[in-house]
Amino acid sequence: MPIRINHPYKDGACSWLKGNLHTHTTNSDGDLSPQEAAAAYAALGYDFLMFSDHDCFTKTKGLDPCGMVLIPGNEITAYGPHLLHVNAHRYIDPDEDRQAMIDAINVDGGFCIVCHPNWLEDYNHCDHKFLDEWRDYLGIEIYNGVCLRAEGSPIATDRWDRLLSAGRRVWGFANDDSHRSVDRGIAWNVAKVESRVPAAIVRALREGRFYASTGVEISRIRVDDATITVETANAQRCRVFADLGRLQATQDGPAISFTVPEDFPYTYVRVECYGFGDDTAWTQPFFVEKTA
Ligand SMILES: [Zn+2]
Ligand SMILES: [Zn+2]
């Protein structure tokens, strides 16, 4: 049966912009004021940034964006698993009904990312039954920087693979969750954006036209029929995974090419690229669809 690869990386005149969507300031428990945090991220070469104070809407109006695009947002914190409200037009009061929060975020014109699922001593800040039950969140943090020095695991690709394998189309984000200087510049998202304005960045993220990274730079993602090629500037090894984390291919070097066979028994593949140390990049999933 012929197959079709459904993926978010369409070609076009776009530039790759780097950003972090999880930043705390002195408005909650961060160490820098919003203006100082903006300056710190600009100095690290970021193109966009979202402040995500705990149950507090940090205004971006009136700040010097230091050459970046500032995306308004907050982290819904009290009464349940933490949720990022991205592209927030208004503050939404926290409520223990998290589905109601996700729905309110979507009505507001923003989108929701579930934070650090594997944080805390039980590696289970967000129980998987919630991830299964909730509808209409855009993605989850597959990497959360502050969890490097906190209890639990920064990585949540296990949750992502479980969701994707269940047919859920959710994107994987990597964010710093920065509270102190050691947290800044750990993890980011690189979006393929048509123009350097908030609406274009939000649209690219919403459509999954980005990859997540802790240091590996992807230079090109190409899909020719059933062949997926990912080229990087600095990977030492690349791997292709399918449903429930099943390894499909490993290639040493900065690029990998994988042709999905016609009798492929799985529903998606995704690529991880590894550089020096902990440096990694994660593509979004390439959904494998059977055509008649
Ligand atoms: Zn949190
Ligand atoms: Zn946070």
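Residues numbered from 1 in each chain as written. Chains lettered and ligands numbered in written order. Predicted model: local features only at pLDDT ≥ 70, side-chain atom pairs only at ≥ 80, totals over all residues.

Colleague: Summarise the overall build of the protein chain; cite the residues concerned and give the values.
Modeller: Along the backbone of the protein chain there are five helices and 19 strands. In terms of overall size, the protein chain behaves like a compact globule, its C-alpha atoms giving a radius of gyration of 18 Å where 292 residues would be expected to give roughly 19 Å. Each principal axis of the C-alpha atoms in the protein chain carries an extent, and together these give about 55 × 40 × 35 Å. Looking at the protein chain as a whole, 49% of its 292 residues are labelled buried. By sequence separation, contacts in the protein chain at least 24 residues apart represent 60% of the contacts at least 6 residues apart. (Helix = DSSP H or I, 4+ residues; strand = E, 2+ residues; numbered from the N terminus. Rg over C-alpha atoms; globule rule 2.2 N^0.38 Å. Buried ≥ 20, exposed ≤ 12 C-beta atoms within 10 Å, placed from the backbone. Contact = placed C-beta atoms within 7 Å.)

Colleague: For helix 4 (residues 157-165), give the residues involved together with the corresponding values.
Modeller: All of the buried residues along helix 4 are T157, R159, W160, D161, L163 and L164. Tucked inside the fold, the buried residues of helix 4 contact helix 3 (128-133), strand 8 (139-144), strand 9 (171-175) and strand 17 (268-274). With its phi angle positive at about 90 degrees, G167 sits one or two positions after the end of helix 4.

Colleague: Can you tell me about the nonpolar core, naming the residues and giving the values?
Modeller: With 80 residues, the main nonpolar core has C112, I113, I142, I201, V269 and C273 as its most contacted residues. Element by element, the count of residues in this core is highest for strand 17, at five residues. Other than its neighbours up to four places away in sequence, I142 contacts I155, A156, T157, W160, G172, F173, A174, A212 and W282. (Core = buried A, V, L, I, M, F, W, Y, C linked by C-beta atoms within 7 Å.)

Colleague: I'd like a rundown of the sheet that holds strand 9, residues and numbers included.
Modeller: Reading across from one edge, 5-6-7-8-9 is the order of the five strands in this open sheet, with mixed pairing throughout. Each edge of the open sheet carries a strand with a single partner, namely strand 5 (73-76) and strand 9. Going from strand to strand, the sheet's axes swing by 30 degrees on average, the running direction of each strand aside. Here four bridges tie strand 5 to strand 6 (residues 83-86), and the two strands are oriented antiparallel to one another. (Pairing = 2+ DSSP bridges. Axes fitted to C-alpha atoms, helices over the stretch in contact; angles between N-to-C directions.)

Colleague: Residues and numbers for the sheet that holds strand 16 (residues 255-259), please.
Modeller: Backbone-to-backbone hydrogen bonds pair the strands of a sheet. The strands run either parallel or antiparallel. Across the sheet, three strands lie side by side as 12-13-16; this open sheet has antiparallel pairing. The sheet is open, and its two edges are formed by strand 12 (218-224) and strand 16, each paired on a single side. Along the sheet, successive strands turn relative to each other by an average axial angle of 5 degrees, direction set aside. Here strand 13 (residues 227-232) pairs with strand 16 via five bridges, running antiparallel.

Colleague: Mind laying out the pairing of strand 10 (residues 188-193), listing which residues take part and the relevant values?
Modeller: With respect to burial, strand 10 is a largely interior element, six of its six residues being buried. Neither face of strand 10 is exposed, since W188, V190 and K192 on one face and N189, A191 and V193 on the opposite face are all buried. As judged from the five bridges shared by strand 2 (residues 15-23) and strand 10, these two strands associate in the antiparallel manner. Directly across from L17, in strand 10, lies its bridge partner A191.

Colleague: Describe in detail unusual backbone geometry, supporting the description with residues and values.
Modeller: Here N87, not a glycine, exhibits a phi torsion of approximately 60 degrees, which is positive. Structurally, N87 can be placed in the loop between strand 6 and helix 2 (98-107). With a phi angle near 25 degrees, H116 is a residue other than glycine that sits in the positive phi range. By secondary structure assignment, the location of H116 is in the loop between strand 7 (111-114) and helix 3.

Colleague: Could you give an account of helix 5 (residues 198-206), with specific residues and numbers?
Modeller: Residues spaced three or four apart along an α-helix point in a common direction, a consequence of the helix completing one turn every 3.6 residues. Among the residues making up helix 5, those that are buried are I201, V202, A204 and L205. The arc that holds every buried residue of helix 5, seen down its axis, measures 160 degrees, which confines them to one face. Contacts made by the buried residues of helix 5 are with strand 2, strand 3 (48-51), strand 4 (69-71), strand 10 and strand 11 (210-213). Among the residues trailing helix 5, G208 stands out with phi positive, at a value near 80 degrees. (Arc of directions from axis to C-beta.)

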